[in-house]
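For reference, the chains in residue letters:
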Amino acid sequence: MSYEAQLESASALQKDAFVFDYVPCGEPILMTARHRRVMEAGLAAKHSVGRILRDMTRDRLDELEASPETSRLVGSTWEASGVDAVQVTLGGRALAPQSWEECIDDVGYWLHRARIGNMRVCASTKELREARADGEIGLLFVLQDSGVLGADLDRLDLLFRMGVRVAQLTYNTRNLIGDGCEERDQSGLSKFGVAAVRRMNELGIVVDVSHCSHATTMDAIAVSEGPVAVTHSCCSAVAAHPRAKSDDVLKALRDVNGFFGVVTVPNFLAPGEDATLATMLRHIEHAVSILGTERVGIATDWGGWTPDLPAELIEAATENFRKLGFKADTSPKFGVGLPEFDAWEKWPNLTAGLLAAGYSENETRQLIGGSRLAFQERVEARSSVT
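Here is a short report on the structure shown in this document. Predicted model only: the values in this text are computed from it and were never measured.

With that settled, consider the overall build of the protein chain. When helices and strands are tallied, the protein chain shows 15 helices and nine strands. Its C-alpha atoms give the protein chain a radius of gyration of 19 Å, within 12% of the compact-globule value 21 Å for 386 residues. With the principal axes as the frame, the protein chain shows a C-alpha extent of 50 × 50 × 45 Å. Relative to its 386 residues, the protein chain shows a buried fraction of 58%.

Where helix α1 (residues 3-16) meets helix α14 (residues 348-356), the closest approach of the two axes is 8 Å, and the angle between their N-to-C directions is 110 degrees. By the criterion of interaxial angle, the relationship of α1 to α14 is roughly perpendicular. On α14, the residues that touch Tyr3, Gln6, Leu7, Ser9, Ala10, Ser11, Leu13 and Gln14 of α1 are Pro348, Asn349, Thr351, Ala352, Leu355 and Ala356. Residue composition of the contact of α1 with α14, by class: eight nonpolar, six polar and no charged.

Glancing now at the side chain of Ser146. Mapped onto the fold, Ser146 is located in the loop between β4 (137-143) and α7 (154-162). If near-sequence neighbours (up to four positions away) are discounted, Ser146 is found in contact with Ala167, Gln168, Leu169, Asn175, Ile177 and Met200.

The next subject is the packing of aromatic side chains. A full pass over the atoms with the stated rule returns 11 aromatic pairs. For the pair Tyr109 and Trp110, a centre-to-centre distance of 4.9 Å together with 90 degrees between the ring planes defines the contact as edge-to-face. Of the two residues examined, Tyr109 and Trp110, each falls in the buried class. Through a chain of ring-to-ring contacts, the aromatic side chains of Tyr171, Phe268, Phe321, Phe326 and Phe334 assemble into a single cluster. Just above the ring of Trp100 sits the side chain of Arg155; from NZ or CZ to the centre is 4.3 Å. Positioned over the ring face of Phe259 is Arg372, at 5.7 Å from the centre of the ring.

Next up on the list: the environment of Leu350. Mapped onto the fold, Leu350 is located in helix α14. Given the relative accessible area of 1%, Leu350 is considered buried. A C-alpha to C-alpha distance of 38 Å links Leu350 and Gly150, two positions 200 residues apart in sequence. Those residues in contact with Leu350, other than ones at most four positions away along the chain, are Thr264, Leu277, Met280, Ile298, Thr300 and Phe341.

What follows covers helix α9 (residues 214-223). Looking at α9, one finds that the buried residues are Thr216, Thr217, Ala220 and Ile221. For α9, the angular spread of buried residues about the axis comes to 135 degrees, placing them on one side. On its buried face, α9 sits against β6 (206-208), β7 (228-233) and α10 (247-255).

This paragraph deals with the state of the cysteines. By the definition in use, this model includes zero disulfides. We note that Cys122 lacks a disulfide partner, and the nearest cysteine sulfur, in Cys103, lies 19 Å from it. You can call Cys122 buried: its relative accessible area is 1%. Residue Cys181 stays outside any disulfide, its sulfur separated by 8.2 Å from that of Cys212, the closest cysteine. In this structure Cys181 comes out as buried when scored by relative accessible area, which is 7%.

What counts, and where the lines are drawn
- Residues numbered from 1 in each chain as written.
- Predicted model: local features only at pLDDT ≥ 70, side-chain atom pairs only at ≥ 80, totals over all residues.
- Heavy atoms only, no water.
- Helix = DSSP H or I, 4+ residues; strand = E, 2+ residues; numbered from the N terminus.
- Rg over C-alpha atoms; globule rule 2.2 N^0.38 Å.
- Buried < 20%, exposed > 50% of the residue type's maximum accessible area, 1.4 Å probe, protein only.
- Axes fitted to C-alpha atoms, helices over the stretch in contact; angles between N-to-C directions.
- Parallel < 35°, antiparallel > 145°, perpendicular 65-115°, else oblique.
- Contact = heavy atoms within 4.5 Å.
- Nonpolar A, V, L, I, M, F, W, Y, C, P; charged D, E, K, R; others polar.
- Phe/Tyr/Trp six-rings, centres within 6.5 Å; stacked < 30°, edge-to-face > 60°.
- Lys NZ or Arg CZ within 6 Å of the ring centre and 35° of its normal.
- Arc of directions from axis to C-beta.
- Disulfide = S-S within 2.5 Å.

Printed below as a string of structure tokens:
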């Protein structure tokens, strides 16, 4: 079968399947003349990259309301991607260590964005399905670092009421809950961390250990009374990286009926090398060999990949990742994706890759979203809070 025929088949399958991804910043950067002016003004003023990105996304809200052309551009790009729902990181637009204030600010931002059109904030799989049926992109709120809770678990209850349904215990470094994967001396959950995991179980918030140290990851899986997720990572058996997870973790996830999402970040999939879609598929194949397609999915960890970004903004954003705990050789490069997936509308290439690799249509449906949706339902079923 030709590539064009494979892509056509993949696109048709995506239209029928539920596609669920992880996109930290929520939306791709789609450059317009107005968007570029805001970006260039921030660069000229030597603002931080986080401020520039926030200013760009805030102005995009006004632009969407004022410009039917921009609204059509954004809508057509989402339609071409075939993605139905995304996890979106509260505070992710700041591209900085997460803070309580940034998270709360982002709740307001996304509620505003949803009111403009083609998006809906969702707090359950039922609402995600309803959004899809109505032609809207479902948004599921996520914490990338539960350090924003400080020592106050009541904040977790408040965030749950605001719609947060996934909480990563740590980012790359240490917080009051446990250690991140880039921490110098890595240990497991603290006593407060154990309490946080148990409260997440009660609320029906996914316990996410994607950036956690090995010890914190294994502790969380052992302590949690519900299934645990690695929502976006890769396999250390395929390529060694601090963000990658060992086979011990994959087997532990299998035993608790958890979930494992594979990223498309080149420097995670093949540190220091040129990763391609084939590289990503090797990580998926390995994860599936342990967990099965019913517990594995795609979580691109999409981060501003577009050929329209100037080199100075890419360099500033990449350097900024060190403030988030990455080292120079382990950091992702902002604005750089897989050659087959360097623009948001090329998402169907991932589906085509799965079909070409020999996965059946049913297995492909699971990998592009079905398994993630089923996992979310398993977590919801255990919640004691309504």
